[in-house]
Amino acid sequence: MTTLPQSTERKLGLVIDLDTCVGCHACVVSCKGWNTENYGAPLSDQDAYGGNPSGTFLNRVHSYEIQPEQGLAQTIHFPKSCLHCEDAPCVTVCPTGASYKRVEDGIVLVNESDCIGCGLCAWACPYGARELDQKEGVMKKCTLCVDRIYNNNLPEEDRVPACVRTCPAGARHFGDLGDPDSDVSRLVAERDGMDLMPEQGTKPVNKYLPPRPKDEEAIDVLAPFLEPVAEEPKGFLGWLDKTLEKL
Amino acid sequence: MHPAPSIIIFTVFSGLGFGLLTYLGFGKPDVSGFTAFVFFLIAYAMAVGGLIASTFHLGHPERALKAFTQWRSSWLSREGVLSVLALVIMGLYAIGVVFFDTRIAWLGILGGTLSLATVVATSMIYGQLKTVPRWNHWSTPILFVLYSLTGGAFFAGQVWLAKPLLLLLGIAQLLAWIFGDSLFRESGSTIETATGLGRIGKVRLFEGPHTGGNYLTREMIHIVGRKHAQKLRVIAIFALTIIPWIVLALLPFSHILAGIAAILHVIGALMARWLFFAQAEHTVGLYYGAR
Ligand code: SF4
Ligand code: SF4
Ligand code: SF4
């Protein structure tokens, strides 16, 4: 059924720390690696070694430059995968019932054997989190590594999404965002976690932690020594300045 | 959005076909026997042909029957269900009209209404998408219905109706273009809200996630064709409404001229539908520093 559940027992999702992400793309690679070998159709590539390579990914890292009103520009690396929205528009548009949101944990999944590959769900997602696999003709999206997090065959420390397990900077956190006392919920509360495009009304479960403000004080210790010694040029430079001024 | 030929052909021709079926259902023209057969044949060719064209872009057309199951929530599913209902009921009605010279009025009216409802469902597939602000507007279903009724009036030979409908369609299309141009801005989505980084300052894409394209950029970020959009709009509106109206309203009536006007109208509709897709901007473009 592609109607959305009224509420879900848990709200499993990711919290992504934009302050910590170093833009190494390790999560992109580990996500592709895990998901191409496990649940569902493999994530195909087209022309992988040719002049125009392209492929299916469930997680991609963009980089943005922000210019504040004052001060220097900042570079922010920005990983993006499905946000497992509470009001997921991708689910309700699906004509076949292939797309659904699970009642037990809120994960949004595609039943690949029902999907006709119409692509409408990818149109309905504001975030670009769904990609139609060009070889299989079915819709692929982040599964929140549903085949890892409940997998008793894996050692306990591996029962988290591949991207979370891999991230060398610890910028990706996994947990139940429906439980206000969970680690991820506390992190969101402490760091003022935010929704992407809240105006789209999708109520994403995944949250993003904004970059911390830059330190502005520290530099001041040395700053006085760097003050210009003289504002007005003297001697030869002063003479040159005045002469040129007169011309 | 990428203006895929299969979707443009599907939406235009199935719209025309269901428009013609609407007129036939309401008994305009009130024909029977072989003449009726030809009318129904044209209507079915366009409506069914359009539906078949729409399956060309599916990854798994062999599973298309599954698309009839989710009519409670999905407009695409509703479109499928309504179109089959309309085609079946109009088929029964057509059998009466063509072979038995009996017009079962209520059946025709039911079939005609379902035909028009199919067009509304098609329009809502686009109109429901908040991600494409240009489409997410009440003008989308009105336009689709007007397209269908105007083209249908041509094919049904209802010149008295085609004349005012052409004017109405032209005005509606112009207004939709003019007001549509600002809908993305009004939706409030920007690269700042998309990244949540607007609280720090002005955001721009520094580096994309990969050097090549991907499914998303090919499917939803179509900028190439837009530079001639204004010229195409002018040509489209002339072909769609102005010239056909002049031919029908001001020149002495002849079947050949009316035929030319109809062909021009369809060409104009195809161009306008191309623009409908090519000019529609999806919010995902914000992440890629492009709309
Ligand atoms: S991020 Fe996109 S694909 Fe994921 S649940 Fe939200 S709308 Fe659906
Ligand atoms: S592509 Fe598949 S999952 Fe997406 S809307 Fe179509 S049938 Fe549903
Ligand atoms: S949770 Fe799993 S599927 Fe989703 S982005 Fe991370 S690795 Fe990929």
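Everything numeric in this text was worked out from a predicted model, so none of it was measured.

**Some remarks on a nonpolar patch on the surface**
Next, step 1: A contiguous nonpolar surface patch, about 830 Å² in accessible area, is contributed by Leu65, Phe68, Val84, Val88, Leu92, Ile95, Phe99 and Phe100 of chain B.
Next, step 2: Its location among the elements puts Phe99 of chain B in helix H3 (residues 75-99).

**What to know about the environment of Gly180 of chain B**
Next, step 1: Within the fold, Gly180 of chain B resides in helix H6 (residues 159-180).
Next, step 2: Taking the C-alpha atoms as reference, Gly180 of chain B lies 9.5 Å from Gln279 of chain B; in sequence the two are 99 residues apart.

**Some words on helix H7 (residues 235-246) of chain A**
Next, step 1: Given a rise of 1.5 Å per residue, twelve residues ought to cover 16 Å, and the 17 Å separating the end C-alpha atoms of H7 of chain A matches this to within 8%.
Next, step 2: When you tally the buried positions in H7 of chain A, you get one out of twelve residues, a small fraction of the element.

**As for the site of ligand 2**
Next, step 1: Close to ligand 2 lie Cys94, Pro95, Thr96, Ala98, Ser99, Cys115, Ile116, Gly117, Cys118, Gly119, Cys121 and Met139 of chain A.
Next, step 2: Grouping the constituent residues of the shell around ligand 2 by class yields eight nonpolar, four polar and no charged.

**Looking at the confidence of the model for chain B**
All names here are of chain B.
Next, step 1: Summarising the model, chain B shows a mean pLDDT of 92, and 99% of its residues fall at 70 or more.
Next, step 2: Summarising per-element confidence for chain B, the mean pLDDT is lowest in helix H2 (residues 33-55) (90) and highest in helix H4 (residues 105-127) (96).
Next, step 3: Reported confidences for the modelled complex are a pTM of 0.89 and an ipTM of 0.92.

**Side note on the interface of chain A and chain B**
How large an interface is tends to be reported as the accessible area lost when its parts come together.
Next, step 1: Between chain A and chain B, the residue contacts involve 61 residues of the former and 62 residues of the latter.
Next, step 2: Looking at the side of chain A facing chain B, the largest losses of area belong to Tyr64, Ile116 and Trp123 of chain A, adding up to 17% of the total buried there.
Next, step 3: Linking chain A to chain B there are three salt bridges.
Next, step 4: Here Glu65 of chain A ties to Arg204 of chain B by a salt bridge, and the two come within 2.9 Å at their closest N and O atoms.
Next, step 5: Along the contact surface separating chain A from chain B lie 30 residue pairs in polar contact (both at pLDDT 80 or more).
Next, step 6: Every element with two or more residues in the side of chain A that touches chain B is listed here: strand S4 (59-68), strand S5 (74-81), helix H3 (120-124) and strand S8 (130-132) of chain A.
Next, step 7: Of all the elements, S4 of chain A adds the most residues to the side of chain A that touches chain B, at nine residues.

**Considering the site of ligand 1**
Next, step 1: Lining the immediate environment of ligand 1, one finds 14 residues, of which Cys82, Leu83, Cys85, Cys90 and Cys125 of chain A sit closest.
Next, step 2: Of the residues that constitute the shell around ligand 1, the class distribution is eleven nonpolar, one polar and two charged.

**Quick look at the packing of helix H1 (residues 5-25) of chain B against H2 of chain B**
All names here are of chain B.
Next, step 1: Direction vectors running N to C along H1 and H2 enclose 150 degrees, while the axes themselves pass 7 Å from each other. Comparing their axes, H2 and H1 come out roughly antiparallel. As for the relative orientation of H1 and H2, their crossing is left-handed in sense. Across from Ser6, Ile9, Phe10, Phe13, Ser14, Leu16, Gly17, Phe18, Leu20, Leu21 and Leu24 in H1, the residues of H2 making contact are Phe39, Phe40, Ile42, Ala43, Tyr44, Met46, Ala47, Gly50, Leu51, Ala53 and Ser54.
Next, step 2: Its residues placed into classes, the contact of H1 with H2 shows 17 nonpolar, five polar and no charged.

**Focus on unusual backbone geometry**
Next, step 1: Residue Pro29 of chain B follows Lys28 of chain B across a cis peptide bond; omega there is 0 degrees.
Next, step 2: Within the element layout of this structure, Pro29 of chain B appears in the loop between H1 and H2.
Next, step 3: Phi angles above zero are rare outside glycine, and Asp47 of chain A is one such case at about 55 degrees.
Next, step 4: In this structure, Asp47 of chain A sits in the loop between strand S2 (45-46) and strand S3 (54-55).
Next, step 5: A residue is classified by how much of its surface remains accessible, and Asp47 of chain A, at 41% relative accessible area, is partly exposed.
Next, step 6: One non-glycine residue with positive phi stands out, namely Met197 of chain A, at about 40 degrees.

**Brief notes about the sheet that holds S5 of chain A**
Next, step 1: Ordered by their spatial adjacency, three strands build an open sheet running S5(A)-S4(A)-S1(B), and the pairing between neighbours is antiparallel. For this open sheet the edge positions go to S5 of chain A together with strand S1 (201-207) of chain B, each flanked by a neighbour on one side alone. If you compare each strand with its neighbour and ignore which way they point, the axes differ by 35 degrees on average.
Next, step 2: In this structure, S4 of chain A lies alongside S1 of chain B, joined through six bridges in antiparallel fashion. When the bridges of S1 of chain B are listed, Glu65 of chain A appears paired with Arg204 of chain B.

**Side note on a negative patch on the surface**
Next, step 1: Negative charge collects at one region of the surface, where Glu227, Glu231, Glu232, Asp241 and Glu245 of chain A lie side by side.
Next, step 2: The residue Glu227 of chain A is located in the loop between strand S11 (207-209) and H7 in this model.

**Points about the sheet that holds strand S1 (residues 12-17) of chain A**
Residues and elements named next belong to chain A.
Next, step 1: Strands sit in the order S10-S1-S11 across an open sheet of three strands; the sheet is mixed. Strands with a single pairing partner mark the edges of an open sheet, and in this sheet they are strand S10 (172-176) and S11. Ignoring which end each strand starts from, the neighbouring axes of this sheet average 25 degrees apart.
Next, step 2: Taken strand by strand, helix H6 (residues 183-191) contacts S1, S10 and S11, and its axis lies near 120 degrees from that of S10.

**Considerations on H3 of chain B**
Next, step 1: Helix length check: H3 of chain B, at 25 residues, gives a terminal C-alpha distance of 35 Å against a target of 36 Å (1.5 Å per residue), a fit within 8%.
Next, step 2: Just downstream of H3 of chain B lies Asp101 of chain B, where phi reads positive at about 55 degrees.

**Examining the pairing of S4 of chain A**
Residues and elements named next belong to chain A.
Next, step 1: Here S4 lies mainly inside the structure; eight of its ten residues are buried.
Next, step 2: When S4 meets S5, the two strands line up antiparallel, connected through eight bridges. Bridging across to S5, Tyr64 finds its partner in Ile76.
Next, step 3: Joining the antiparallel neighbours S4 and S5 is a turn of five residues, in which Gly71 adopts a positive phi near 95 degrees.

The rules we used
- Residues numbered from 1 in each chain as written.
- Chains lettered and ligands numbered in written order.
- Predicted model: local features only at pLDDT ≥ 70, side-chain atom pairs only at ≥ 80, totals over all residues.
- Heavy atoms only, no water.
- Patch = residues over 30% accessible without salt bridge, like charges linked within 9 Å, V, L, I, M, F, W, Y side chains within 5 Å.
- Areas by Shrake-Rupley, 256 points an atom, 1.4 Å probe, with all protein chains shown as cover.
- Salt bridge = Lys/Arg side-chain N within 4 Å of Asp/Glu carboxyl O.
- Helix = DSSP H or I, 4+ residues; strand = E, 2+ residues; numbered from the N terminus.
- Expected span 1.5 Å × (residues − 1).
- Buried < 20%, exposed > 50% of the residue type's maximum accessible area, 1.4 Å probe, protein only.
- Near = heavy atom within 4 Å.
- Nonpolar A, V, L, I, M, F, W, Y, C, P; charged D, E, K, R; others polar.
- pLDDT = per-residue confidence, 0-100.
- Contact = heavy atoms within 4.5 Å.
- Buried area = accessible area lost by both parts, 1.4 Å probe.
- Polar contact = N/O pair within 3.5 Å; in protein donor to acceptor, adjacent residues only side chain to side chain.
- Axes fitted to C-alpha atoms, helices over the stretch in contact; angles between N-to-C directions.
- Parallel < 35°, antiparallel > 145°, perpendicular 65-115°, else oblique.
- Left-handed = near helix turned anticlockwise from the far one by under 90°.
- Pairing = 2+ DSSP bridges.
- Lys, Arg positive; Asp, Glu negative; His and termini not counted.
- Charge placed at Lys NZ, Arg CZ, Asp CG, Glu CD.

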